[in-house]
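Each chain, written out:
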Amino acid sequence: MRSIIATFLFLFLFVMNANSQTDQEAIKILDRFSDNAVKAPSVSMKFKLITTNQTDNTKDTLEGTVIISKDKYKLDLPDNIVWFNGETSWSYLPAEKEVTIAKADKKDNSFQSRPSLIFSLYKKGYKSRLIEEKSDSYIIDLYPEDIKSELLRVRLSVAKPMLYLISLEYKRKDGVIVTLQVNEYDLKVKPEPGTFIFQPGNFKGVEIIDMR
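Structure report, in brief.

**Quick word on the sheet that holds strand E9 (residues 151-159)**
Stage number 1. Taken together, 12 strands build an open sheet; the order of strands is E7-E8-E9-E10-E11-E1-E2-E3-E4-E5-E6-E12 and the sheet is mixed. Every interior strand has two partners, whereas the edge strands, strand E7 (126-133) and strand E12 (207-210), have only one. Looking at each pair of strands side by side, their axes are set apart by 15 degrees on average, direction ignored.
Stage number 2. Both strand E3 (residues 72-77) and strand E4 (residues 80-84) contribute to a ladder of five bridges, which runs antiparallel. Looking across to E4, one finds that Leu77 is bridged to Asn80.

**Description of the pattern of salt bridges**
Stage number 1. In total, this model carries nine salt bridges according to the counting rule given.
Stage number 2. Taking the shortest distance from any N to any O, the salt bridge between Glu184 and Lys46 comes out at 3.7 Å. One end of the pair, Glu184, is in strand E11 (residues 176-186); the other, Lys46, is in strand E1 (residues 43-53), and 138 residues separate them in sequence.
Stage number 3. Taking the relative accessible area as the measure of exposure, Glu184 reaches 44% and is therefore partly exposed.
Stage number 4. Ionic pairing is found between Asp76 and Lys74, a salt bridge with its closest N-O pair at 3.6 Å.

Rules and cut-offs
- Residues numbered from 1 in each chain as written.
- Predicted model: local features only at pLDDT ≥ 70, side-chain atom pairs only at ≥ 80, totals over all residues.
- Heavy atoms only, no water.
- Pairing = 2+ DSSP bridges.
- Helix = DSSP H or I, 4+ residues; strand = E, 2+ residues; numbered from the N terminus.
- Axes fitted to C-alpha atoms, helices over the stretch in contact; angles between N-to-C directions.
- Salt bridge = Lys/Arg side-chain N within 4 Å of Asp/Glu carboxyl O.
- Buried < 20%, exposed > 50% of the residue type's maximum accessible area, 1.4 Å probe, protein only.

What follows is the structure, encoded as C-alpha cells:
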C-alpha cells in the first residue's frame with residue numbers, strides 16, 4: 001500500500017513540476033497549469049490509478065480522492081486514509097482499525113512533509129514536447145535527461161481551455177505502466193477546518209500508534 005501511495009504522489013508531483021528547456025509551447029502550458037493550481041484554495045481530484053505490468057500481463061486498479069492545500073493534504077484510498085496538516089500525519093488502516101501518528105521532519109523536502117514543493121521542484125532534468133493539440137486538450141510528453149532513470153516517459157493530457165488534468169501515463173523501462181485517470185478535477189474547494197486532521201471521534205475503537 002505504501003508503494004501505491006508513493007507512486008500516486010510521485011505522479012502528481014511530476015506533472016505539477018516538470019518543466020524543461022526544449023519545447024517552449026509545452027513549457028507555457030505547464031506553467032499555466034501549475035499557476036492555476038498554486039493560486040487555487042486547493043487542488044481536489046477523484047481518480048483511478050491503473051498499474052499495468054507488460055512483463056507478466058497483470059493489471060491492478062485503484063480508485064481514490066485527494067485534496068491538497070499548500071502544505072496540507074488528505075488522501076483517500078480504499079485501504080488507507082492519510083491526513084497531513086503541515087506538521088503531523090495520520091495514516092489510518094480501516095481493516096486493522098489502527099492509525100499511526102508521525103511528526104514531519106522539517107529537513108525533509110519530500111511531498112509527505114512539504115506538499116507545496118510540488119509546485120517548485122523538478123524544474124530541471126526533463127525534456128518536454130507538445131505531441132498534439134486537439135480541440136479539447138493538449139498531449140505533452142516528458143522525458144528524463146538522465147539516461148539512467150527508470151523512467152522512459154510521462155505522457156499527460158490537459159483539458160482546454162481551463163487546463164485541468166485529464167490523465168497521466170508513467171512508463172518505465174521494466175515494462176510497468178502507471179496511468180492516472182482523473183474523473184474530477186476541482187480548484188474551487190475551500191477546505192473546512194479539520195479537513196487535514198484525523199478526528200478520533202469519527203473512528204471509535206481505533207488503536208492509536210503514536211510515533212511522534
